[in-house]
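Examining the three-dimensional arrangement
Now for the letters of each chain:
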Amino acid sequence: MIASVFSAILNGVEGTPVRVEVHVSNGLPGFTVVGLPDAACRESRDRVRAALLSSGLSWPVKRVTVNLAPSGVRKAGSGLDLPIAVGLLAAIGQLPPECVSRCGFVGELGLDGGLRRVPGAMSLVAAMPVDAAVVPWASFPEASLVAGCQVRPARNLRELFDALTGQGDWPKPPARPADPEDEDAPDLSDVRGQRLGRWALEVAAAGWHHLLLIGPPGSGKTMLARRLPGLLPELTQQEALETSRIHSAAGLPLPRAGLVSRPPFRAPHHGASAASLIGGGTVSMRPGEVSAATNGVLFLDEMAEFAPAVLDGLRQPLEEGTVTVCRAAASASFPARFLLVGALNPCPCGEGQTPSHCRCTDGMRKRYARRLSGPLMDRFDLRVAVTRPEPAELLGPPDGDGTEVVAKRVAEARARAAERGVMANGLIPASALDRVAPLEPDAARALEGQLRRGSLSARGLHRLRRVARTIADLFAAERVGAEHVAGALELRAAYGRLMGER
Amino acid sequence: MSGVGHLPEEAYGAALLGLPSMNPRTLRLLLDGSPPSLVWSDLVSNRQVNRLTSLHKLSATAKSNWRAAARSTDVDELWCRCTAAGVTVLLRGAEGYPARLAGDAHAPAVLFAAGDVSVLEGPTATVVGTRRCTGYGAEVAWTLGRGLAAAGVVVVSGLAAGIDAAAHGGALSAEAGPPAGVGGSGIDVPYPAGNAGLWRAVTRTGVMLSEAPLGAAPTAWRFPERNRILASLGDVVVVVESHRVGGSMHTVEAAIARGKPVMAVPGPVTSPASEGCNALLVDGCAPARDVEDMLARIALERPAPPAPDPEEEPEPTGDDRVLWAVDPTPTMFETVLGRTGMNPVEAAAALGRLEAAGRVLRGAGWWERR
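This structure is a prediction, so every number in the text was calculated from the model and none was measured.

This part covers the pattern of salt bridges. Going through the model one piece at a time under the given rule, you end up with 39 salt bridges over all chains. Between Arg463 of chain A and Asp381 of chain A there is a salt bridge, with the nearest N and O atoms lying 2.9 Å from each other. Linking Arg463 of chain A in helix H21 (residues 458-474) with Asp381 of chain A in the loop between helix H16 (374-378) and strand S18 (382-385), this pair joins segments that are 82 residues apart in sequence. A single burial state applies to Arg463 of chain A and to Asp381 of chain A, both of which are buried. Salt-bridge contacts for Asp235 of chain B lead to Arg100 of chain B; the nearest nitrogen and oxygen are separated by 2.6 Å. You can see Asp235 of chain B sitting in the loop between helix H11 (222-233) and strand S7 (237-239) and its partner Arg100 of chain B sitting in helix H7 (residues 99-102), a full 135 residues away along the chain. Accessibility expressed as a relative area gives 22% for Arg100 of chain B, which makes it partly exposed.

Let us now look at the sheet that holds strand S11 (residues 265-266) of chain A. Residue and element names in this part refer to chain A. One open sheet accounts for five strands, arranged S11-S14-S17-S10-S18; its pairing is parallel. Of all strands in the sheet, those with a lone pairing partner are S11 and S18, marking the two edges. Strand direction decides the pairing type here: S11 and strand S14 (residues 297-300), joined by two bridges, are parallel. Counted as the bridge partner of Arg266 is Leu298 from S14. Across the sheet, helix H8 (residues 195-207) touches strand S10 (211-214), strand S17 (339-344) and S18, and the angle it forms with S18 is around 170°.

At the interface, 28 residues of chain B touch 26 residues of chain A. Carbon and sulfur atoms make up 61% of the surface buried where chain B meets chain A, a total of about 2300 Å² over both sides. When residues of chain B are sorted by the area they lose upon contact with chain A, Glu334, Val345 and Arg362 of chain B head the list and together hold 26% of the total. Taken together, the connections running from chain B to chain A amount to six residue pairs in polar contact (both at pLDDT 80 or more). Sorting the residues of the side of chain B that touches chain A by element identifies helix H8 (135-150), helix H16 (333-340), helix H17 (344-356) and strand S12 (366-369) of chain B as the ones contributing at least two each. For the side of chain B that touches chain A, the leading source of residues is H17 of chain B, giving six residues.

Each regular strand carries side chains that alternate between the two faces of the sheet. All names here are of chain B. Residues Val154 and Val156 point to one face of strand S4 (residues 154-157) and Val155 and Ser157 to the other, with burial holding for every one of them. Handedness of the β-α-β unit built from strand S3 (residues 124-128), H8 and S4 comes out right-handed. Of the pairings in the sheet, the one linking S4 to strand S5 (residues 180-182) comprises two bridges and is parallel in character. Across the sheet, the residue bridging to Ser157 is Gly181, located in S5.

Under the domain assignment, chain B is made up of domain 1 (1-83), domain 2 (115-297) and domain 3 (310-369). Between the C-alpha centres of domain 2 of chain B and domain 3 of chain B the distance comes to 32 Å.

Interaxial distance between H8 of chain A and H16 of chain B falls to 8 Å at its minimum, and their mutual angle equals 100°. Considering the angle they form, H8 of chain A stands roughly perpendicular to H16 of chain B. Residue-level contacts link Arg195, Leu196 and Gly197 of chain A of H8 of chain A to Phe333, Glu334, Leu337 and Gly338 of chain B of H16 of chain B. Class assignment for the residues of the contact of H8 of chain A with H16 of chain B results in three nonpolar, two polar and two charged.

What follows covers unusual backbone geometry. Negative phi values dominate among residues other than glycine, just as trans dominates among peptide bonds. With an omega of 0°, the peptide bond running from Ala69 of chain A to Pro70 of chain A counts as cis. In this model, Tyr191 of chain B is joined to Pro192 of chain B through a cis peptide bond whose omega is -5°. By the element assignment, Pro192 of chain B lies in the loop between S5 and helix H10 (196-205). Its identity is not glycine, yet Glu302 of chain A carries a phi of approximately 50°, on the positive side. In this model, Ala476 of chain A sits at a positive phi of 55°, which is unusual for a non-glycine residue.

On to the side chain of His209 of chain A, then. Residue and element names in this part refer to chain A. Structurally, His209 can be placed in the loop between H8 and S10. The exposure class of His209 is buried, given its relative accessible area of 0%. Beyond its immediate chain neighbours, meaning those up to four positions away, His209 contacts Val203, Ala204, Leu339, Asp381, Leu382, Asn425, Gly426, Arg466, Val467 and Thr470.

Parameters at a glance
- Residues numbered from 1 in each chain as written.
- Chains lettered and ligands numbered in written order.
- Predicted model: local features only at pLDDT ≥ 70, side-chain atom pairs only at ≥ 80, totals over all residues.
- Heavy atoms only, no water.
- Salt bridge = Lys/Arg side-chain N within 4 Å of Asp/Glu carboxyl O.
- Helix = DSSP H or I, 4+ residues; strand = E, 2+ residues; numbered from the N terminus.
- Buried < 20%, exposed > 50% of the residue type's maximum accessible area, 1.4 Å probe, protein only.
- Pairing = 2+ DSSP bridges.
- Contact = heavy atoms within 4.5 Å.
- Axes fitted to C-alpha atoms, helices over the stretch in contact; angles between N-to-C directions.
- Buried area = accessible area lost by both parts, 1.4 Å probe.
- Polar contact = N/O pair within 3.5 Å; in protein donor to acceptor, adjacent residues only side chain to side chain.
- Right-handed = clockwise from strand over helix to strand, strands pointing away.
- Domains from an automatic or database assignment.
- Parallel < 35°, antiparallel > 145°, perpendicular 65-115°, else oblique.
- Nonpolar A, V, L, I, M, F, W, Y, C, P; charged D, E, K, R; others polar.

Structure follows, in structure tokens:
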């Protein structure tokens, strides 16, 4: 009267295999779950009982013990409902053991026996050492992306029971819906004026350069930022799988086809806690916004309003592309390769660009500017002032290229960077700059002048050269010329100056 | 123990200034025209000198403290520190002492300088104002500083936070007239720390002065003393923004006492940071609305822009289109793009060429036509 079924739990974005062992014996009727279950897991007893009875299956009047092995690891969530129910059916002999031996199960049960979606289905299925996995109907699109495992969807427990015992057929998997054209994606041609801002977006997308937008309220910083994902190239298969796995583990809604194929756009509110931005939690580590934005854009609006400690938490992921979160009980590493776009006002009142309208004192402005630390500020390759458009521009017709045209230029620039062996120019190591981004003599002279005047530091020089390389790529130029350097200088204004410092 | 004789007079001047509880007034009375080396040897040898007895307000303890300190001071070592730090010691009445200060009854007897003291021979303007300035004040100070420097006027200021720093920032940005600063702390002790970079820049391109001994902390009493030097150094004193009471008003009083013209920048009547300035205007101070107001006051004309040589009239190129899109006032790059309709790289490249040819100035994230 013992049965064992494969399942898995989520730790961060990775799955951990779990064996669900069910023992049924004579004794005082009861149901115990051991193996460090959390509250949701322990409550599965009541859900399993109701689901079995609603599905016309029997509930044994016996002593039932469920062990979740390895028993030393904490188990969280409701994804173990289904393996417990299946294990119980096998233990009381309603399911022949060979039906369930090479099969893994994940899913939450409803009281009516229906199966509900669980977060992280992709990682869970990938973690189970089985030939076939049964997942809830709603989790099928994402789960079926896992290679090397037959994935079967089930709508409810009765259907699954019939299929396992051979009384019925396996339900036909739902047809993969075509990815609908992203109709509500905002287009760049909606933006009027903002020539510098639009150009900065193009360069940011082409070179994976982090971008800081500074301007008064209502000048269109958010509007610009929302149009950046549209300029980025479609995700590669590998990137798409990575991002989908994270979204799945974070419980974010996925596209109908299950695969996140467009770069994600995440815009957490400035009240965000460190754990929500970086990732964390107590039992099961949940990926944070930096991971959810992997291969896409992380937009921090009103950046100066974020807690400074939270912002400085961004430094490790920005540098390394991953983030490791450690708690006493567990630790997890998440991918976190995102394009950072920050937006803030030049001063607390927001009108710092026109000093005669600004009502802030010098001290207030300085304190406000200091909320972004120097090291973080250094990570922004592009720093531009965004001004309010002229009324004539606002009312006039579209005055620039739309998303489609710009995205094409970006893709071509990316292709040129790829020929040199880098994903994007923002990631060129400093040691490779001379080889990858050789300077024309007049460009070198222009940079020398800036260095002499003290308006450029050595580190700033490297960042500037990467940006100039991207601009040259956008113009299909082999070498970096003076005009590309001049353009890069316009796109990388000194932070203090942008914040109204004299 | 230091022997007297082989070191220059300046070394003893610096040593006297470094005695405990020495202040500019006491030092002036103590020296009273005598060479510092003589005063020093009197002190060390415990000779009763009239000068010392004449300082009757000074307690006997203070005088004996001086002796003890003088005996334990190594003037050699002090002098080495001065020269190693590149600091010049100026003695009143000696060669190299700024002529503007020489005629002042309360001029410092000993003054430390870093940089080129001769810049003070040109026309000067002292710009002062509150540390708690508004954006309006900072903008005006910056613009005035820049305009004055561009016209070849030496901008004198105290390197405090707020208006002082903005005025010098503007002056440095023009890369024309040299700046001059007067500190309230030792010349090797930049204060406030946030302006250390500005302090160094002023030393490099102009001159920094201080009458505090080397290593002296920014003590509160030194700042009003410093203000009289500020007032004395300028051909004109302009107050950009000042509360009803404050250090700027001290400078104004010192300037009036010396018969220097004082100007004030009008400010919003609702702004507490402009109360002092507006009050000065009511009292009959001349208003300083812009650089021209100030230049007129120091009887200086802005040098006329070099007449274009007809022989060398450049070909009208795309760069001209960009040139005329830039105003003589700060113009955002965004505005240049909007006016020319050019793509950003072309416009930036054109501006880069115009900058190299000296036709436009690169400002703080904006451009300006010359």
